[in-house]
Structure formats: structure tokens, C-alpha cells
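So the chains spell out like this:
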Amino acid sequence: MLLMKTVVAMPGKVIQIVHYGKIVSPWGLQVKRTASNFSRAWQRSIASGVVASTAPANTVELLGKPYLPDDYSNVTKKILSKVGKNLHNQHHHPLWLIKERMKDHFYKQYQGRFRTPLFSVYDDLPPVVTVEQNFDRLLIPEDHPSRKKGDNFYLNHTHMLRAHTSAHQWDLIHSGLDAFLVVGDVYRRDQIDNTHYPVFHQMEGVRLFSNHELFSSISGGETFSLFEKGLRTPLKQEMHTMEAVKLVEHSLKRALTKLMIHLFGDGLEIRWVDCYFPFTHPSFEMEISFRGEWMEVLGCGVMEQQLVNSAGAENKIGWAFGLGLERLAMILYGIPDIRLFWSKDERFLKQFRVPCIDQKITFQPFSKYPPVINDISFWLPSEKYSANNFYDLVRTIGGDMVEKVDLIDEFTHPKTKRISHCYQITYRHLERTLDQKEVNSIHRAIEESVVRELGVEGRF
């Protein structure tokens, strides 16, 4: 759900605009030459694999469906190899434990008339969605930075790997559902460090209320209404009554407070921060105080009525939230490196084989192998350069042996005005010691590829 946020310390006072955890950059697509290079590289990279295979007429088959590559295609072999792994559905995986704990909480806390669960759970929806599902139906403007090719994985100009589980909101509401959870893998191009990975997992929650459902427990509730013809303010949308918004907001914050207390225990200190999302208003982030630090754990808000109406639920109002499973698991279990979630090392996996999903677990680190650090520097091309293209290239060649990539120097030549970047690449395998010869081979492949694919001039 977390596409873009504007953090507000006080109503009307903007601190900063953040896009996927970074300062928002101006809108801009990759130049055609770079896009074509990545499209050709993409077609080469998916020539083999379990979940992707070539089909006639240069189409690509992913999860049993064909897709025709074009100049928008930028999904790499490394990313395609992750599709279908579904870590959140692998029993006793830490992401599965988090998912099951939250699912169990919602099942027990929210029940219908016949003690059946109120919330439906969808944890196996395919990650390939249309651009319309991922952006348009969520009211995300065409010029919004979150649509950038540099931040997403596109199969072609009409289909992509979902950037958030919110991509399924509209369809599930349109099918007639009023309360549901969606859990799945999501894909975003991002920096390389111990808390960022191009594939991670989210839980999305939505609940809608009719006039009767929202006001039936309120004295004199029959006199209240969900809608009015009013003005949009920082506190509400133009068509919502203040009474309805306050009750929906109270329901949302109470539900999420109970969820976090269920996960972290009694005595948890929570605070709410006003923020901005394109598909909710008002919008909030929840922060928790954990081990002396305030940490943002989820985003949420009152759903934009235009979205709800377009999905066919014109007579209802609702809330939505989105949270990252990896972030919660890293905080809750003390897991220091996001790459560990993909590890097959028994020293990691056996720590989460517990008889009860609610059993307290504290990750016990095993030997951390020494790093091998190499630098790479190059002159940027005259056309637009995207750091995320470089990060993707490093991930594709180095895989999970790359622990992090840091931009350590940026130099502008005083006469030519050409710009040079120097990156420090830290190689560290999670399960064995790397030797310099092995790393040098990978590093040379990166140097050759960055010149060939990105059009930079090496300073090697």
C-alpha cells in the first residue's frame, strides 16, 4: 500500500515527501536506447527458468500465461526466479509465522452472526497484474513518480509484477467483499542494503461499512448518514460526513492497535502520524516504540470514496491498511539482514520450527562471514541515468552474494561537466566465506555489463 507519503508533523506542515523511502525525484522515463538495451537483456535473461519460459513469436510465458516483451520490459532473470516461491506460504518460515499470527488474530477478533470469520483471506493471488490494477484503479495519477519504470518491474507496457497488494483492492470489492486480507509477494526496484530487497511481502486489509453497520451501535444512529455534499478538508473527503469519518477512523485505529499488541505484547507504545496516500484520506502511519526507538510499521486511512464507488460499493464507506511482513519479522524476531528470508541454511530455518505460531522467538545469529569490498566508478552517459538500473544489474550478476551497494563519491568535471559515480560494493555470502578470486570474477562481469547495458564509460 505504501506508494508515496508526505509526513506531516502538524496539520498543514509538510516535513518531507518520501517515495519508497527516498526523496521523490522528478518524473521521467528511461531514454529509448537504455530501455531497448534492458528489453533485449530481459529477453536474453528469461531464456531459462522454472516459472518463465519462451513461447512462440518471442512471447514469454510466466505462471502459465504468455506476455509479449516491448521497450517497457525490464524484469530480470534474477527477479523472475523469485516468482512463485511464496515464502509467506512455506510452513514454519518466519514470514509464514507472521502471516498466520495476524490471520489467526483477525479470524478470532472479527466474526459474523454465526461465529464465522468476518475477514476473507487471499494469500495465493498471482503477482502479475495490469498497470490499470496497480495504478489507475487506485486513483494514482499518470504523472505520479510511483509509476516510473525505474521503480517497478514491467513485463511490458500493460502488465507488471505488482508493486503492492493494493493492486487487488478494486477487484475484491467489485466481487462483493466487505472485509478481506490480501497477502503476497510484491516487487520494487530499490537500493541494495540489509533492509531492502526487490521482492518482499505485504498484507493488505480492507473493511467496508454500510450506514446500518457503522451507526447501529450509536445512540440515535438512525439520524446519521455516511454521505453529504460538503467540502474536502484535511480531516475528511467532500462526500463524507464528519460523524462517519470519525467512526471509521476509530474502527481502523482500534483494529490496528489490537493487531500490534497481539504481535508485540501488552504495554506497547503507539503513536499516529498524519500522512498522504493517493487512495486514502485522511491517511495515517502507525509508529511503535520498540527497544527505545520509534519505528514506522504500517500505513492506513479512510478509503477514497471515488475508488469505492467505481468498484460498485457506492452505499458503503471503508478503511484500508498495508504493512510489510519482512519489516515486522525483522523487528519482532531480531533478524538483521533481509536476505536471510531467502536462505536455505538450516541454521536459520530451524529456529522458526516451533509447535505454536505464538511462541516467542529471538533469532540467534550464526557466524557472519567476512566481507570482500570492491569499488566501481564510471562516467554517466549523457542521457538520463537511473541508479536502480545499476542496482538491478548488480543483483542480476552478483545475486545474494551482494550485501549492499553504497554511492561513496559523486564528481562533476569542472570543464566538461561530466558526472562520475563511484560505488562501493560489499560482497558477503550468508553461508560461506568468499575468496577474492571469486569476487573479482563477479566484479569484472559487473564492470563489463554496466558499460554494455547502461552506456557508461568505465574508470576501472
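- Per an unreviewed UniProt entry, the recorded name for the protein chain is Phenylalanine--tRNA ligase, mitochondrial, and the organism is Eublepharis macularius.
- The UniProt entry for the protein chain carries this comment under Catalytic activity (unreviewed entry): "tRNA(Phe) + L-phenylalanine + ATP = L-phenylalanyl-tRNA(Phe) + AMP + diphosphate + H(+)".
- Under Function (unreviewed entry), UniProt gives the following word-for-word description of the protein chain: "Is responsible for the charging of tRNA(Phe) with phenylalanine in mitochondrial translation. To a lesser extent, also catalyzes direct attachment of m-Tyr (an oxidized version of Phe) to tRNA(Phe), thereby opening the way for delivery of the misacylated tRNA to the ribosome and incorporation of ROS-damaged amino acid into proteins."

## Quick notes on the confidence of the model for the protein chain
- When pLDDT is averaged across the protein chain, the result is 88; 88% of the residues are at 70 or more.
- Counted against residues more than four places away or in other chains, residues 2-50, with its pLDDT under 50, gives 126 contacts.

## Observations regarding the packing of aromatic side chains
- Taken as a whole and judged by the stated rule, the model has 22 aromatic pairs.
- What links up through ring pairs into an aromatic cluster is the set F106, Y110, F119, W319 and F321.
- The residue whose ring lies beneath R395 is Y197, and the NZ or CZ to ring-centre distance is 5.3 Å.

## Remarks on the packing of helix 11 (residues 387-398) against helix 12 (residues 436-454)
- Viewed as axis vectors pointing N to C, helix 11 and helix 12 meet at an angle of 140°, and their least axial separation amounts to 10 Å. Taken together, helix 11 and helix 12 sit at an angle that is classed as oblique. Like other packed secondary-structure pairs, helix 11 and helix 12 cross with a definite hand, here right-handed. Every residue of helix 12 that contacts helix 11 at N389, F390, L393, V394, I397 and G398 is listed here: I442, A445, I446, S449, V450, E453 and L454.
- Along the lines of polarity and charge, the residues of the contact of helix 11 with helix 12 split into 9 nonpolar, 3 polar and 1 charged.

## As for the sheet that holds strand 16 (residues 372-379)
- Ordered by their spatial adjacency, 4 strands build an open sheet running 17-18-16-19, and the pairing between neighbours is antiparallel. Of all the strands in the sheet, the pair left with one neighbour each is strand 17 (402-412) and strand 19 (457-458).
- As defined by bridge partners, strand 16 adjoins strand 19 across 2 bridges and the pair is classed as antiparallel. Bridge assignment links W379 to a residue of strand 19, and that residue is E457.
- Strands in contact with helix 12 are strand 16, strand 18 (419-427) and strand 19; relative to strand 16, the strand with the most contacts, it is inclined by about 15°.

## What about the environment of H168?
- Here H168 is to be found in the loop between strand 9 (159-161) and helix 5 (169-174).
- When its relative accessible area of 8% is taken as the criterion, H168 is described as buried.
- Sequence separation between H168 and Q133 is 35 residues; the distance between their C-alpha atoms is 6.9 Å.

## Observations regarding the nonpolar core
- One finds M260, F264 and L323 to be the most contacted residues of the largest nonpolar core, which totals 74 residues.
- It is helix 7 (residues 242-264) that contributes the most residues to this core, 10 residues altogether.
- Setting aside anything within four residues of it in sequence, one finds L323 in contact with M102, H201, Q202, M203, L259, M260, V297, L298 and L328.
- Grouped together as the second largest cluster of nonpolar side chains are 25 residues, M160, A167, V182 and L208 included.

## Details of the pairing of strand 13 (residues 280-290)
- Within strand 13, 10 of the 11 residues are buried, which leaves the element mostly enclosed by the surrounding structure.
- In terms of strand pairing, strand 12 (residues 269-277) meets strand 13 through 8 bridges, oriented antiparallel. Paired with R271 across the bridge in strand 13 is E287.
- In terms of strand pairing, strand 13 meets strand 14 (residues 293-303) through 9 bridges, oriented antiparallel. Looking across to strand 14, one finds that S283 is bridged to G301.
- Remark: 2 residues form the turn of the hairpin made by strand 13 and strand 14, two consecutive strands paired antiparallel; R291 in that turn has positive phi of roughly 55°.

## What about the pattern of salt bridges?
- Applying the stated criterion across every chain, the model contains 27 salt bridges.
- Ionic pairing is found between D400 and K82, a salt bridge with its closest N-O pair at 3.9 Å. Taken together, the positions of D400 in the loop between helix 11 and strand 17 and K82 in the loop between helix 2 (77-80) and helix 3 (94-109) put the pair 318 residues apart, joining distant regions of the chain.
- Relative accessible area serves as the criterion here: at 22%, D400 is assigned to the partly exposed category.
- Judged by relative accessible area, K82 falls into the buried class, the value being 10%.
- Notably, a salt bridge pairs R189 with D392, separated by 2.6 Å at the nearest N-O pair.

## Considering unusual backbone geometry
- Residue H281 is joined to P282 through a cis peptide bond whose omega torsion reads -5°.
- By the element assignment, P282 lies in strand 13.
- Positive phi, close to 50°, is recorded for L63, a residue that is not glycine.
- One non-glycine residue, R115, lies in the positive phi region at around 60°.
- What makes R115 exposed here is its relative accessible area of 65%.

## A word on the environment of T116
- For T116, the location among the structural elements is in the loop between helix 3 and strand 7 (120-122).
- The partly exposed category is assigned to T116, whose relative accessible area is 44%.
- Ignoring anything within four residues of it in the chain, the contact list for T116 reads Y110 and Q111.

## So, the pairing of strand 17
- Both strand 17 and strand 18 contribute to a ladder of 9 bridges, which runs antiparallel. Paired with D409 across the two strands is C422, which belongs to strand 18.
- Between the antiparallel neighbours strand 17 and strand 18 lie 6 residues, among them K417 with a positive phi of about 65°.

Scoring rules and cut-offs
- Residues numbered from 1 in each chain as written.
- Predicted model: local features only at pLDDT ≥ 70, side-chain atom pairs only at ≥ 80, totals over all residues.
- Heavy atoms only, no water.
- UniProt positions renumbered as here; feature names shortened; annotations may be inferred.
- pLDDT = per-residue confidence, 0-100.
- Contact = heavy atoms within 4.5 Å.
- Phe/Tyr/Trp six-rings, centres within 6.5 Å; stacked < 30°, edge-to-face > 60°.
- Lys NZ or Arg CZ within 6 Å of the ring centre and 35° of its normal.
- Axes fitted to C-alpha atoms, helices over the stretch in contact; angles between N-to-C directions.
- Helix = DSSP H or I, 4+ residues; strand = E, 2+ residues; numbered from the N terminus.
- Parallel < 35°, antiparallel > 145°, perpendicular 65-115°, else oblique.
- Left-handed = near helix turned anticlockwise from the far one by under 90°.
- Nonpolar A, V, L, I, M, F, W, Y, C, P; charged D, E, K, R; others polar.
- Pairing = 2+ DSSP bridges.
- Buried < 20%, exposed > 50% of the residue type's maximum accessible area, 1.4 Å probe, protein only.
- Core = buried A, V, L, I, M, F, W, Y, C linked by side-chain atoms within 4.5 Å.
- Salt bridge = Lys/Arg side-chain N within 4 Å of Asp/Glu carboxyl O.

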